[in-house]
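A closer look at the structure
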Amino acid sequence: MKAIRVHQTGGPEVLTLDDIPTPEPGAGEVLVKIEAAGLNFIDTYHRTGLYPLDLPIPLGLEGSGIVEAVGTDVGDLQIGDAVAWSSIAGSYAEYIAAPEESVVKLPEGVATKSGAAVMLQGMTAHYLAHSTYPLKEGDTCLIHAAAGGVGLLLVQMAKKCGARVFGTTSTPEKADLAKGAGADEIILYTEQDFEAEVQRLTDGQGVNVVYDSVAKATWEKSINSLRPRGYMVFFGNASGPVPPIDPLLLSQKGSIFVTRPTLGHYTATREEFLSRTQDIFSWIQSGQLNVHIGEEHPLEQAAEAHRRLEGRQTTGKVLIIP
Ligand code: NDP
């Protein structure tokens, strides 16, 4: 089968299309013919070595497809089932042997492409809005990169919780998309000082929480956008990681809280994983969550998809189609 792997870390050019044996499903595993793989920013951290992994790296963590064979000791899943997953290495491929406990069956009304589009970014948006800082009616939040994969989903979920939502985007086109997802105010952070805008929009109060995945370029102004005892949620490194922070700064900025969450700790049990996916699927089925698939690329052009994601040219979800 064809699969994208990384034999040495570096830029998008290090992605290679390899011919490797199609996996056999082991005990507790199903063999899935992949219909769509999700591109996530973390794939670029694996490719560059920011998050180090053993070489060669089977790239991609997320996808969906149809069960084609079932190993021994598999409980519920059957040949022909449509399934999706968010944390199985080697998802940029034609097939994957997936442990049953890491996949979820897609219900009626959730297409495989939508499934691949909401597993990682959707569960991330879900835990950020409902668990890391559970948003409630009357809260105000700031979401950076609001037209991105996580961003468009988080804007919708934050509005669903009753929050007033400010988003940042780099272009007016992205601003329109984020507004369409429900954002109350969009700040073009490439042109405007977002800290000053947040202070203006909140009459100098600041926001309850900032969800910041841009990090290096935004972290300081994000902290300055918080109200006293606000929550600073750093959850990505799109522009590079946040530098070390002195705890004294947290008191000086208003006894604020800083956290750096990651999805694995918020899907720590099968129950938690399923409850987040069930919420997301039911919101898709009822039309409460719109999944914006911005672009699709064939497997052999995965490098181009990486270039576009890192070049801030994408919106919503990017899919890689084997
Ligand atoms: P996005 O679709 O959001 O793409 C990244 C966006 O970040 C860009 O479109 C761009 O939006 C913005 N950005 C700002 N500065 C830069 C820069 N220097 N280079 C590139 N992009 C920049 O990606 P994802 O939805 O896949 O991920 C969003 C973030 O969330 C990432 O940082 C990722 O690591 C993080 N993440 C964290 C998880 C966790 O559990 N901790 C899980 C999933 C994602 P604009 O042009 O509008 O500025």
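The sections below set out a description of the structure shown in this document. (Residues numbered from 1 in each chain as written. Predicted model: local features only at pLDDT ≥ 70, side-chain atom pairs only at ≥ 80, totals over all residues. Heavy atoms only, no water.)

Looking at the site of the ligand
- Residues in close proximity to the ligand total 29 residues, the closest being Tyr45, Tyr127, Ser170, Lys174 and Tyr189.
- In this structure, an oxygen atom belonging to the ligand sits 2.8 Å away from a main-chain N or O atom of Gly149.
- At a separation of 2.5 Å, an oxygen atom of the ligand approaches a polar side-chain atom of Ser170.
- Out of a free accessible area of 900 Å², the ligand has 92% covered by protein chains.
- Of all the elements, helix H3 (residues 120–132) adds the most residues to the shell around the ligand, at four residues.
- Per-class residue counts for the shell around the ligand are 13 nonpolar, 12 polar and four charged.
- Summarising the domain contributions, the shell around the ligand has at least three residues from each of domain 1 (2–118 + 291–321) and domain 2 (136–260). (Near = heavy atom within 4 Å. Polar contact = N/O pair within 3.5 Å; in protein donor to acceptor, adjacent residues only side chain to side chain. Areas by Shrake-Rupley, 256 points an atom, 1.4 Å probe, with all protein chains shown as cover. Helix = DSSP H or I, 4+ residues; strand = E, 2+ residues; numbered from the N terminus. Nonpolar A, V, L, I, M, F, W, Y, C, P; charged D, E, K, R; others polar. Domains from an automatic or database assignment.)

Some words on the sheet that holds strand E1 (residues 2–6)
- Reading across the sheet, the three strands line up as E2-E1-E4 and stay open at both edges, with antiparallel pairing between neighbours. Looking at which strands have only one partner, the edges of the open sheet turn out to be strand E2 (15–19) and strand E4 (57–58).
- Both E1 and E4 contribute to a ladder of two bridges, which runs antiparallel. Considered in E4, the bridge of Val6 is made with Ile57. (Pairing = 2+ DSSP bridges.)

So, the packing of helix H1 (residues 41–48) against helix H11 (residues 302–310)
- Remark: H1 packs on H11, axes separated minimally by 10 Å, with the N-to-C direction vectors making an angle of 110°. In terms of their interaxial angle, H1 and H11 are classed as roughly perpendicular. Contact with H1, carried on its side by Phe41, Asp43, Thr44 and Arg47, involves His306, Leu309 and Glu310 of H11 and no other residues of that element.
- When the residues that make up the contact of H1 with H11 are grouped by side-chain class, the tally is two nonpolar, two polar and three charged. (Axes fitted to C-alpha atoms, helices over the stretch in contact; angles between N-to-C directions. Parallel < 35°, antiparallel > 145°, perpendicular 65-115°, else oblique. Contact = heavy atoms within 4.5 Å.)

Points about the pattern of salt bridges
- One pass over the structure, following the stated rule, counts 14 salt bridges.
- The residue Arg5 makes a salt bridge to Asp18 at a minimum N-O spacing of 2.8 Å. Of this pair, Arg5 sits in strand E1 while Asp18 is found in strand E2, placing the two residues 13 residues apart along the sequence.
- A relative accessible area of 21% means that Arg5 is categorised as partly exposed. (Salt bridge = Lys/Arg side-chain N within 4 Å of Asp/Glu carboxyl O. Buried < 20%, exposed > 50% of the residue type's maximum accessible area, 1.4 Å probe, protein only.)

Notes on the nonpolar core
- Counting residues in each nonpolar core, the largest one holds 48 residues, and the members touching the most others are Leu135, Ile143 and Tyr211.
- Looking at this core element by element, the count peaks at seven residues for helix H4 (residues 149–160).
- For this core, the two domains that each supply at least three residues are domain 1 (2–118 + 291–321) and domain 2 (136–260).
- In contact with Leu135, not counting residues within four places along its chain, are Ala129, Cys141, Ala158, Cys161, Ala163, Val209 and Tyr211. (Core = buried A, V, L, I, M, F, W, Y, C linked by side-chain atoms within 4.5 Å.)

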